Amino acid sequence: EDELSDMFAAGSLDSILFFSDRGKVYQEKAYQIPDAARAAKGIPLVQVLALGPYEKVTAAMAVADFDAVDYCTMVTRQGRIKRVELAEFASVRPSGLIAIGLDDGDELGWVKLTNGDQQIIIVTSEGQSIRFREDEVRAMGRGAAGVNAIKLDQSARVTGVDVVSGDEDDRDLLVITEYAYGKRTPIGEYR
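These numbers were taken from a predicted model, which means no experiment stands behind them. (Residues numbered from 1 in each chain as written. Predicted model: local features only at pLDDT ≥ 70, side-chain atom pairs only at ≥ 80, totals over all residues. Heavy atoms only, no water.)

A. Structural context of the sheet that holds strand 9 (residues 129-133). Spatial strand order, 9-8-11: three strands in an open sheet with antiparallel pairing. Only two strands of the sheet have a single neighbouring strand rather than two, namely strand 9 and strand 11 (158-164). When the angles between neighbouring strand axes are averaged without regard to direction, this sheet yields 15°. (Pairing = 2+ DSSP bridges. Helix = DSSP H or I, 4+ residues; strand = E, 2+ residues; numbered from the N terminus. Axes fitted to C-alpha atoms, helices over the stretch in contact; angles between N-to-C directions.)

B. Geometry of the side chain of T185. For T185, the location among the structural elements is in strand 13 (residues 182-186). Residue classification places T185 among the buried positions, given a relative accessible area of 11%. (Buried < 20%, exposed > 50% of the residue type's maximum accessible area, 1.4 Å probe, protein only.)

C. Seen up close, the sheet that holds strand 5 (residues 80-85). Taken in spatial order, the four strands line up as 7-4-5-10 in an open sheet, and their pairing is antiparallel. Lying at the two open borders of the sheet, with one neighbouring strand each, are strand 7 (108-114) and strand 10 (147-148). By the bridge criterion, six bridges tie strand 4 (residues 71-76) to strand 7 in an arrangement that is antiparallel. If you follow T76 over to strand 7, its bridge partner there is L108.

D. Examining the environment of I130 more closely. Its location among the elements puts I130 in strand 9. The class for I130 is partly exposed, based on a relative accessible area of 26%. Taking the C-alpha atoms as reference points, I130 and V84, separated by 46 residues in sequence, lie 21 Å from one another. With residues up to four places along the chain from it excluded, the contact list for I130 reads I120, I121, I122, A149, I150 and R191. (Contact = heavy atoms within 4.5 Å.)

Structure, rendered in structure tokens:
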């Protein structure tokens, strides 16, 4: 069954970056994606992107200006993290580019645009979390596999990633479980 996984606003001339579970990035102009009515189903992305068999898009974002944001920060299901200068994705060939090297069994799960002085929060399926400054992860080349961001138990997976900006004292983190339990906690309580 199909379910909504992401949404964002984009202008017609924006470049949309699509990141797949296999660590590849694809790019298309927003105006190349057909318009549809509010309640319409839309079209399969394989009609727009050169996705491989069984390849799934796990993150997408609109970029109006590749010079306005400094970095693209990626996190995998097995807890690896990588920062790349966003300018490296300014021109992506139609067949896509490798955005991150992956170990066997790992998948690219989250991609966030960051400016160099924000904080990253990662939460796992076991309810563990970690928070750190993004500049603790050095910027790497496009083909690198990244570094370990969080140590996981054998059965655990990363289930959530977000970026925190500004004064942490007036911000909370809302965590929602698979069975719809939720809690809101001041971010300062996360070490």
